[in-house]
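Per-entry structural report
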Amino acid sequence: MVNLSVDFCGVSFRNPTVLASGVWGVTAAALRNVVAHGAGGVTTKSIWMKENIGHRNPTMFGTEHYFLNAVGLSDAGIEKAKEETFSEYNKEKPAPIIANVVASSIDDFGEIAARIEECNPDLIEVNIACPNVEDSHGKPFSCSSADAAKVTEIVKKRVKNTPVIIKLTPNVANIGEIAKACVDKGADGFCAINTLFGMGIDINMRQPILTNKSGGLSGPGIKPAAVKAVWEIYRATGLPIIGTGGILTGEDVLEIMMAGARLVGMGTMVYYRGVEGFGLVVKEMEEWCKKNGVKNIEEIIGVAHKA
Amino acid sequence: MNIAKFDSRFATIAISKIVEENAITKTFIFEYPLGGLPGQFLMMWLPGIDEKPMSVAYDDGKEFWVTICKVGPFSEAMHGLKVGDRVGIRGPLGTHYEIGEGDHLVLVAGGYGAAPMYFVANQAVLMGCQVDFILGARNKDLLLYPEKILGLGENVKLHIATNDGSLGHKGFVTEVLDEVLAENGGAKGKGKINKVFTCGPEVMMKAVGDVCDKYKVKAWMSMEKYMKCGVGVCGQCALDDTGDLVCKDGPVMSFDYLRKLPEMGKYHRDGQGKKHYF
């Protein structure tokens, strides 16, 4: 028997796989379906204080190597999240739920974080990294240590008892430094990476495919960027990390855990393997652990740093 | 690895022909080997406007049709296109209707739901099936495809229902279905009707399912929910409370499955995931 359960900021997950934010997270029923297919936990789509329309279609497409999206964080707002998503999911909670929140100003991050805590999520994930939604200067908050620290500070001030994890962008040269700046303001952990900047052009139409023109790049091609970012954050902070980006198989999960991830987010994976992929990935991890004498999955977290 | 399987970029194709069906509906014909089956859909992209799911109204392997009713900005833009103009498509996507050789089918179409039902009838005739086609609309001018359906031959019997009684039965398609099933339906009926397929407003399809229950005939229906990606990623079209996706597990789903859903015939969700009751 392999013990696949992990502890993340005091929350117990039956296995390290979690649904990443932005995929399948529109309703409680969809989240439950993901858990039923094997995920150890789920993350909501980014929740705003108020309704956010998002971008018009096309909002996403994929190839064998990558996936591009610019949904624009469409959401019905906190009231719907509270009255519907959380109240229904929490009735008989099948697995821990991570509330992903987003805002367009530093003060609003404090407000949404405080409101979401009333919904009783297990963890609060603060999305300061979406490449499709920008601050007034046209860049994600997690592009600068100062902005990332300010958001962390205000969120930690408003949230009473729930661990706060900061979701970081890979579109920087100093992700370790940015993570450290968040730790100084009390961040309890991290999620990395959000998508990379990307664009695809339809050569026949001679224009970008996504209505938003540019989008967020995910899928198997970005795994090395994710592994590297997790490695840097782990080395800089030692805090729990949800490693995500291009993870498709059990072997991918083990790889990013060896870089330092404690939980592993999968989103785009469902494009390639369907929601059934969660169960398959867990099985693949378990088989590898059995073959390689790993009895407790926590043994492998960050193990590559010791080499 | 089948690389093409994971490519959901668009094919760019030109409109070969446009047919005006009625005042608000046009059929766009594309000479392109889509390979769609009855009930399946495709995503259609008009650059700068939007990308929407559209059901396939006909596909013979050489050309396919999409019939579009003017209901919003995308369909209005489509109606402004000319022969030779190009659109982006990806598909065919989703599940399809299972037609068995020698089936006796009843097809119930409400409004532009006639498009995929026509495709079913077309295939069914090729497979030696008997078809009762119940076509409904608010009035006779909005009936879609009546001549095309009549042109399918003697194995297809057309029944018409209009809300205002301007042609055929005055009332609902479900009332005609009740009559057809009373005469032919169920295991004991003389017509051996074994399947009912329906496409139209969800409230109508739910009512069709209820009539089928009365005669113990199985029904399948084309679900329409707000979709973004069409390829099982965004979760926008997840059904309550199974969490299954209309784009992958549907759009064609059995009434045996759908009847258990709390949302069936009651509400749908918008692009932000908010509920709207019918």
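Here the structure is a predicted model, which is why all the values come from computation and not from measurement.

For the rest of this paragraph, the subject is the packing of aromatic side chains. Residue and element names in this part refer to chain B. Enumeration according to the criterion identifies 15 aromatic pairs over all chains in this entry. Ring geometry for Phe-30 versus Phe-64: centroids 5.1 Å apart, planes at 20°, classification stacked. Residue Phe-30 is located in strand S3 (residues 25-30), and its partner Phe-64 is located in strand S7 (residues 64-69); the two are separated by 34 residues in the primary sequence. With 5.1 Å between their ring centres and 75° between their planes, Tyr-118 and Tyr-145 make a pair best called edge-to-face. One end of the pair, Tyr-118, is in helix H2 (residues 114-126); the other, Tyr-145, is in the loop between strand S10 (130-137) and helix H3 (146-150), with 27 residues separating them in the sequence.

In a structure, side chains of opposite charge can pair up when their charged atoms sit close to one another. All names here are of chain A. Counted under the stated rule, the structure contains 30 salt bridges over all chains. The salt bridge partner of Asp-188 is Lys-156, with a shortest N-O separation of 2.8 Å. With a gap of 32 residues between them, Asp-188 in the loop between helix H5 (175-184) and strand S10 (189-192) and Lys-156 in helix H4 (residues 145-158) connect regions that are remote in the sequence. Here Lys-156 falls in the partly exposed class, since its relative accessible area comes to 27%. Note that Lys-223 and Asp-252 form a salt bridge whose closest N and O atoms lie 2.7 Å from each other. Of the two residues, Lys-223 is situated in helix H6 (residues 223-237) and Asp-252 in helix H7 (residues 250-258); the sequence distance between them amounts to 29 residues. With relative accessibility at 17%, the residue Lys-223 sits in the buried group. Given the relative accessible area of 10%, Asp-252 is considered buried.

All names here are of chain B. In this model helix H4 (residues 173-184) runs 16 Å from its N-terminal to its C-terminal C-alpha over 12 residues, within 8% of the 16 Å that 1.5 Å per residue would give. Among the residues making up H4, those that are buried are Val-173, Thr-174, Val-176, Leu-177, Val-180, Leu-181 and Asn-184. What you see down the axis of H4 is that its buried residues fit within an arc of 155°, all on one side. Structural note: H4 exposes Glu-179 and Ala-182 on the side pointing more than 90 degrees away from its buried face. Tucked into the core, H4 has its buried residues touching strand S9 (104-110), S10, strand S11 (156-162), strand S12 (169-170), strand S13 (195-199) and helix H5 (202-214).

Along the chain, Asn33(A) falls in helix H1 (residues 28-36). Only 3.4 Å separates the side chain of Asn33(A) from the side chain of Asp244(B), close enough to count as a polar contact. In this view, Asn33(A) contacts Trp24(A), Val275(A), Thr242(B), Gly243(B) and Asp244(B); residues no more than four positions away in its chain are not counted.

Here we take up the domain arrangement of chain B. Quoted interface sizes are often the accessible area lost when the parts come together. Residues and elements named next belong to chain B. Annotation of chain B at the domain level lists domain 1 (8-93) and domain 2 (104-222). One C-alpha centre belongs to domain 1, the other to domain 2; they are set 24 Å apart. Between domain 1 and domain 2, roughly 1300 Å² of surface is buried when both sides are summed, and carbon and sulfur atoms account for 68% of that area. Of the charged contacts in the structure, one is a salt bridge between Lys-148 and Glu-21, with a shortest N-O distance of 2.7 Å. Scanning the region where domain 1 abuts domain 2 turns up 3 residue pairs in polar contact (both at pLDDT 80 or more). Where the side of domain 1 that touches domain 2 is concerned, the elements lending two or more residues are strand S2 (17-22), S3, strand S6 (58-59) and S7. Of the residues assigned to the side of domain 1 that touches domain 2, the class counts are 9 nonpolar, 6 polar and 2 charged.

About the criteria used
Residues numbered from 1 in each chain as written. Chains lettered and ligands numbered in written order. Predicted model: local features only at pLDDT ≥ 70, side-chain atom pairs only at ≥ 80, totals over all residues. Heavy atoms only, no water. Phe/Tyr/Trp six-rings, centres within 6.5 Å; stacked < 30°, edge-to-face > 60°. Helix = DSSP H or I, 4+ residues; strand = E, 2+ residues; numbered from the N terminus. Salt bridge = Lys/Arg side-chain N within 4 Å of Asp/Glu carboxyl O. Buried < 20%, exposed > 50% of the residue type's maximum accessible area, 1.4 Å probe, protein only. Expected span 1.5 Å × (residues − 1). Arc of directions from axis to C-beta. Contact = heavy atoms within 4.5 Å. Polar contact = N/O pair within 3.5 Å; in protein donor to acceptor, adjacent residues only side chain to side chain. Domains from an automatic or database assignment. Buried area = accessible area lost by both parts, 1.4 Å probe. Nonpolar A, V, L, I, M, F, W, Y, C, P; charged D, E, K, R; others polar.

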